[in-house]
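Residues per chain, in single letters:
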Amino acid sequence: MPTIGVDKEDFYAALGQRYTTDEFQALCFDYGIELDEDTEDDPSRPADERPELKIEVPANRSDLLCFEGLARSLNIFRGREPTPTYRVRDIPEDRMERITVAKETGNVRPFISGAILRGVKFTEASYASFIALQDKLHQNLARQRTLVAIGTHDLDTLQGPFTYEARRPENIRFAPLNQEKEYDGHELMAHLENDKHLSRYLHIIRDKPEYPVIYDSKQVVCSLPPVINGNHSKITLNTTNVFIELTATDRTKLDVICNAMVTMFSQYCAEPFTVEPVLIKEADGTSRISPDLSPVKMEVDVDYINGCCGLNESPESICKLLDRMAYRSRPLGSRIEVLVPPTRPDVLHACDVMEDVAVGYGFNKLPRSLSKNSQTIGRPLPINQLSDIVRQECAMSSWLEVMPLILCSHDENFGWLNRKDDGKTAVRLANPKTVEYQVVRTTLLPGLLKTIRDNKSTRLPLKIFETSDIVLKDETLERKAKNVRHWAAAYCGKTSGFEMVHGLLDRIFLMLRVQDYFLQEISDSTFFPGRAAGVYLGKSGEGESRRVGEIGVLHPEVLEKFDIKYPVSVLELNLEIFL
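Attention here is on the structure that accompanies the text. The shown structure was predicted, so the numbers you read here are calculated from the model rather than taken from an experiment.

Reading the values: the criteria
- Residues numbered from 1 in each chain as written.
- Predicted model: local features only at pLDDT ≥ 70, side-chain atom pairs only at ≥ 80, totals over all residues.
- Heavy atoms only, no water.
- Buried < 20%, exposed > 50% of the residue type's maximum accessible area, 1.4 Å probe, protein only.
- Helix = DSSP H or I, 4+ residues; strand = E, 2+ residues; numbered from the N terminus.
- Arc of directions from axis to C-beta.
- Expected span 1.5 Å × (residues − 1).
- Contact = heavy atoms within 4.5 Å.
- Salt bridge = Lys/Arg side-chain N within 4 Å of Asp/Glu carboxyl O.
- Polar contact = N/O pair within 3.5 Å; in protein donor to acceptor, adjacent residues only side chain to side chain.

1. Quick word on helix α2 (residues 21-31)
Then comes step 1: Of all the positions in α2, only Phe 24, Leu 27, Cys 28 and Tyr 31 are classed as buried. For α2, the angular spread of the buried residues around the axis is 95°, confining them to a single face.

Dropping the structure here:
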């Protein structure tokens, strides 16, 4: 979870009270955060460095990622200040600053938002906190700027309206932040290659034919997102009007981060908690006003909250508890209308509201009793019980169980098994971390073969099995995919060992009391020609039969691709058919 460092003296001043370490730890625990470290007694702290409190906050609480948000939330929780009302100034559209979006940006970073903080008065501490929040948001919610990039500017140095464009790198020229020399796009990328902070973001746009860029009406470059701002509009301690622009590849994250920036620092505006909007003229001709700070309305059953928390509170009492957690609410008979503030994008469901009621009430004060509505008798799922029977019989037959990962590369699942991907079977990962984790396996064979490959030093023969899930696409289901329990075994030795795998099959069918089954030759490019058979339930040549799996000796090409030098016989069955 993120850890936030705050100046100890300033933070206690903001809370209006000094705490001992134990008292502050108790306050943090009550609110659901944790004091990670108090550096006051740290012998390694330099003498000229002020003591800090390092506080660990939940990863989903973007409103706690800075000094201001943390102090505000704890003060509201303690009843020292009311929940603020965040407001967007109501001004005519023709008087708003606006950003016009060019259609070419759709190929690079298609989304943009903006906001203006008027009459801001920065101190050294608040300015540092403002910069630190941007960095925290970039590292967490914005996923290293790949999803969202934040640019902040001194509005008084710029002249609106603004344009958001995509231009070829050689056609972009400006002086980057804290530099006097001007560079074009290509030169800037080369210049920043050795920058230990910014070099990590160059890959996001470096190979694009066009770079996103924001101009004011005089063609002054505001920023080259997501890499760097222009030096012309950099903010300082003397900045009073702050122009915030955010570009993104994800619209939801864009709105969340935009709201986080303006709600946290609008307290320093001439009119606290009031933000000036920016008109966004989209490439398709539509327009919208940014930011949207309107609360999200929810209705939650009083009985649901009381039932989950083990309480018997009235709607009015629950509303008071929600006040401590910065909600606005009112009773509606047996339900409560809850207004979720723009600072809380993590509240998505009634259970999130219920959890905050429990925090407001105090987790340590909740009654400790077993719910009368949750008394059940546990038992294994039938498929798990069947899987355990198969595992036990395999183990007693001296076969070793392995548990490889459910993710594998596309080649391992298809090409290396001499199989073709029809595009309708395997679930692909949209953004795999490495080539080894591209698809969810549709067969257990890749895991078994990789296990054999990685255990070449083990004395032969090697007899291994796995009982686990594969995943197949299924358009009829809501989630568009389904898990299917399979069982597979592999024998690797100096001979093919087909009889060993066949014997294991007979043993498992005997224990499952399956009497009518037979093998029938099949043609499958995964197996050696003439050494593959389908496993069928039923009597050969009599009535209906059902294929439940395959058994055979693997093709030499398959063994070569998996770097296995000895023959391998395998077996794979669908266990769910036996339920």
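2. A word on helix α9 (residues 350-361)
Then comes step 1: Its 12 residues give α9 an end-to-end C-alpha distance of 17 Å, which sits within 8% of 16 Å, the value for a rise of 1.5 Å per residue.
Then comes step 2: Where burial is concerned, most of α9 is hidden: 9 out of the 12 residues are buried.
Then comes step 3: Residues of α9 that are buried include every one of Ala 350, Asp 352, Val 353, Met 354, Asp 356, Val 357, Ala 358, Val 359 and Gly 360, and no others.
Then comes step 4: For α9, the elements touching its buried residues are α2, α3 (67-77), β17 (296-301), α7 (302-309), α8 (315-324) and β19 (335-340).
Then comes step 5: Where α9 terminates, the next one or two residues include Gly 362, which has phi positive at roughly 110°.

3. Describing the pattern of salt bridges
Side chains carrying opposite charge are able to pair once their charged atoms draw close together.
Then comes step 1: Following the criterion strictly, the structure yields 35 salt bridges and no others.
Then comes step 2: Among the ionic pairs, Asp 454 bridges to Arg 453, the shortest N-O distance being 3.1 Å.
Then comes step 3: Residue Asp 454 is classed as exposed on the basis of its relative accessible area of 54%.
Then comes step 4: The class of Arg 453 is partly exposed, set by a relative accessible area of 22%.
Then comes step 5: What emerges from the salt-bridge pattern is a single network uniting Asp 7, Asp 10 and Arg 50.

4. Observations regarding the side chain of Glu 337
Then comes step 1: With respect to the secondary-structure elements, Glu 337 resides in strand β19.
Then comes step 2: Polar contacts involving the side chain of Glu 337 include one to the side chain of Arg 330, which spans 2.9 Å.
Then comes step 3: Setting aside chain neighbours within four positions, we find Glu 337 in contact with Lys 297, Met 298, Glu 299, Arg 328, Ser 329, Arg 330 and Leu 332.

5. A word on the side chain of Ser 387
Then comes step 1: Following the sequence through the fold, Ser 387 ends up in helix α10 (residues 382-396).
Then comes step 2: When near neighbours in sequence (up to four residues on either side) are disregarded, Ser 387 contacts Thr 467, Arg 485 and Leu 575.

6. Some thoughts on unusual backbone geometry
Then comes step 1: With an omega of 0°, the peptide bond running from Ser 290 to Pro 291 counts as cis.
Then comes step 2: Notably, Gln 219 is not glycine yet its phi reads approximately 60°, a positive angle.
Then comes step 3: Along the polypeptide, Gln 219 turns up in the loop between β11 (211-215) and β12 (221-224).
Then comes step 4: Since its relative accessible area comes to 42%, Gln 219 is described here as partly exposed.
Then comes step 5: The backbone of Arg 513 shows a phi angle near 60°, a positive value even though the residue is not glycine.
Then comes step 6: Of note, Arg 513 is situated in the loop between α13 (498-511) and β26 (517-521).

Coordinates in, geometry out; function isn't part of it.
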